[in-house]
Amino acid sequence: MRYAYPPYNRAASSAGVTKRSASANTLFIGGIMAIKFYYLSGSPFGWKVWLALERKRIDYEMVLLSADGGDLKQPGFLAINPRGKVPAISDDGYNLYESSAICEYLDERYADSGAGLWPGNLCDRATGRRMESEVGAYIYPPLRRLVEELLFRREGIPDEAAISSAREALASELNLFAQAAVGDFLLGHEPSLADFALYPMTALLDRLDLRHPQRAFSGLMPEPLKSWSGRVEALSYFQKTVPPHWRAG
Ligand SMILES: N[C@@H](CCC(=O)N[C@@H](CS)C(=O)NCC(=O)O)C(=O)O
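Below: a short report on this structure.

Calculation notes
- Residues numbered from 1 in each chain as written.
- Predicted model: local features only at pLDDT ≥ 70, side-chain atom pairs only at ≥ 80, totals over all residues.
- Helix = DSSP H or I, 4+ residues; strand = E, 2+ residues; numbered from the N terminus.
- Buried ≥ 20, exposed ≤ 12 C-beta atoms within 10 Å, placed from the backbone.
- Contact = placed C-beta atoms within 7 Å.
- Bend = angle between axes of the 7 residues up to and from the residue.
- Axes fitted to C-alpha atoms, helices over the stretch in contact; angles between N-to-C directions.
- Parallel < 35°, antiparallel > 145°, perpendicular 65-115°, else oblique.
- Left-handed = near helix turned anticlockwise from the far one by under 90°.
- Near = placed C-beta within 6 Å.
- Nonpolar A, V, L, I, M, F, W, Y, C, P; charged D, E, K, R; others polar.
- Pairing = 2+ DSSP bridges.
- Expected span 1.5 Å × (residues − 1).
- Core = buried A, V, L, I, M, F, W, Y, C linked by C-beta atoms within 7 Å.
- Domains from an automatic or database assignment.

1. Some details on the overall build of the chain
- When you go through the chain residue by residue, the secondary structure sums to seven helices and seven strands.
- Along the chain direction, N to C, the helices and strands of the chain fall in the order β-β-β-β-α-β-α-β-β-α-α-α-α-α.
- Taking all 249 residues of the chain together, 37% fall into the buried category.
- If you take every contact in the chain between residues at least 6 apart in sequence, the share linking residues at least 24 apart comes to 73%.

2. With respect to helix 4 (residues 122-152)
- Along helix 4, the helix axis deviates most sharply at Tyr140, where the bend reaches about 45 degrees; the proline Pro141 sits within four residues downstream.
- For helix 4, every residue scored as buried is listed here: Gly128, Met131, Glu132, Val135, Ile139, Pro142, Leu143, Leu146 and Val147.
- Packed against the buried residues of helix 4 are helix 3 (99-109), helix 5 (160-180) and helix 6 (193-211).

3. Some details on the packing of helix 1 (residues 44-55) against helix 6
- Remark: helix 1 packs on helix 6, axes separated minimally by 8 Å, with the N-to-C direction vectors making an angle of 140 degrees. In terms of orientation, helix 1 lies oblique with respect to helix 6. By crossing handedness, the relation of helix 1 to helix 6 is classed as right-handed. Facing Pro44, Trp47, Lys48, Leu51 and Ala52 of helix 1, the residues of helix 6 in contact are Leu193, Phe196, Ala197, Pro200, Met201 and Leu204.

4. Examining the environment of Leu208
- Its place among the elements puts Leu208 in helix 6.
- Considering only alpha carbons, one finds Leu208 and Leu150, 58 residues apart in sequence, at a separation of 7.4 Å.
- Excluding anything up to four places from it in sequence, Leu208 contacts Leu146, Leu150, Leu151, Arg215 and Phe217.

5. Notes on the site of the ligand
- Within the structure, the ligand sits among 13 residues, and Ser43, Phe45, Lys85, Val86 and Ser99 are positioned closest to it.
- Contributing elements (two or more residues each) for the shell around the ligand: helix 1 and helix 3.
- Across the shell around the ligand, the residue classes break down as seven nonpolar, four polar and two charged.

6. Some remarks on the pairing of strand 6 (residues 88-91)
- The pairing of strand 4 (residues 35-40) with strand 6 spans three bridges and is antiparallel. The partner of Lys36 across the bridge, within strand 6, is Ser90.
- With four bridges joining them, strand 6 and strand 7 (residues 94-97) adopt antiparallel strand pairing. Across the sheet, residue Ile89 finds its bridge partner in strand 7, namely Leu96.
- As consecutive antiparallel partners, strand 6 and strand 7 are separated by two residues, and within that stretch Asp92 has a phi angle of approximately 50 degrees, a positive value.

7. Side note on unusual backbone geometry
- Between Val86 and the following residue, Pro87, the backbone shows a cis peptide bond with an omega angle of 5 degrees.
- Although it is not a glycine, Arg57 sits at a positive phi angle of roughly 50 degrees.

8. Quick look at the environment of Ser236
- Within the secondary structure layout, Ser236 lies in the segment after helix 7 (223-233).
- The exposure class assigned to Ser236 is exposed, which follows from the 8 C-beta atoms found within 10 Å.
- On a C-alpha basis, the gap between Ser236 and Arg55 in space is 9.2 Å, while along the polypeptide they are 181 residues apart.

9. Some remarks on helix 1
- In this model, helix 1 (twelve residues) spans 17 Å end to end at C-alpha, consistent with the 16 Å of a helix rising 1.5 Å per residue.
- Extensive coverage of helix 1 is indicated by the burial of twelve of its twelve residues.
- For helix 1, every residue scored as buried is listed here: Pro44, Phe45, Gly46, Trp47, Lys48, Val49, Trp50, Leu51, Ala52, Leu53, Glu54 and Arg55.
- Its buried side turned inward, helix 1 meets strand 4, strand 5 (59-65), helix 3 and helix 6.
- Count one or two residues on from helix 1 and you reach Arg57, which has phi positive near 50 degrees.

10. What about the nonpolar core?
- The biggest cluster of nonpolar side chains holds 57 residues, and the ones touching the most others in it are Phe37, Tyr39, Ala52 and Leu198.
- It is helix 6 that contributes the most residues to this core, eleven residues altogether.
- Looking at this core, you find at least three residues from each of domain 1 (17-109) and domain 2 (122-243).
- Excluding residues that lie within four positions of it along the chain, Ala52 makes contacts with Cys103, Leu106, Leu117, Leu193 and Phe196.

Below, the structure is given as structure tokens:
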């Protein structure tokens, strides 16, 4: 799948509160307020939480924020996440940030809703948590560097040495993931949080290619991961989670 740039919705209006729901487009379910999901269009960590909300069929109200509009640094949002970053959630008065903690909370708090985020087998779960952690530790930093150099940079010329070393690091990391995958999805025949963590990062390679086709970053994806991403994109709820400002083309 290919999308238009930029990757994050830095310039969009800050006004939007978008109601979304996995099962119904309602804010109140049985008198309980739906979870508020604070999100920035194109944020890979936000996308991970969005996929988790959908897989678990949890009702939520999406609060679409704008980085350029300053929403993340407003006192109201800093009260929810003092780091001023998305994703974050508010669930019946309980505020939480950091995507992994949010997803683990949702999986436990809504254990009976939708499908689980991890496999039942202890070792598979541990492997999945390892993978999710590896995405943040090893995939995100070089990818972030590419995005900063090639999409966010407003002046000067891109640092080619940094781009080259980020490209090398990503290639090697993606190969490790391709080798570690054990089925249709990273942990077998069902998608898990490991897939939801990795997919949004790899989708950013296509975004980079839209602006810089000659750099062919999507070519860094090993064959097994190319077919894997097709399977993630075929999930019934996937389309709903495509970053709103990427849909325009
Ligand atoms: N470790 C955090 C990372 C969150 C993060 O870096 N969010 C970015 C968007 S992907 C953000 O909000 N950036 C805005 C800023 O730093 O001003 C998580 O897993 O939630």
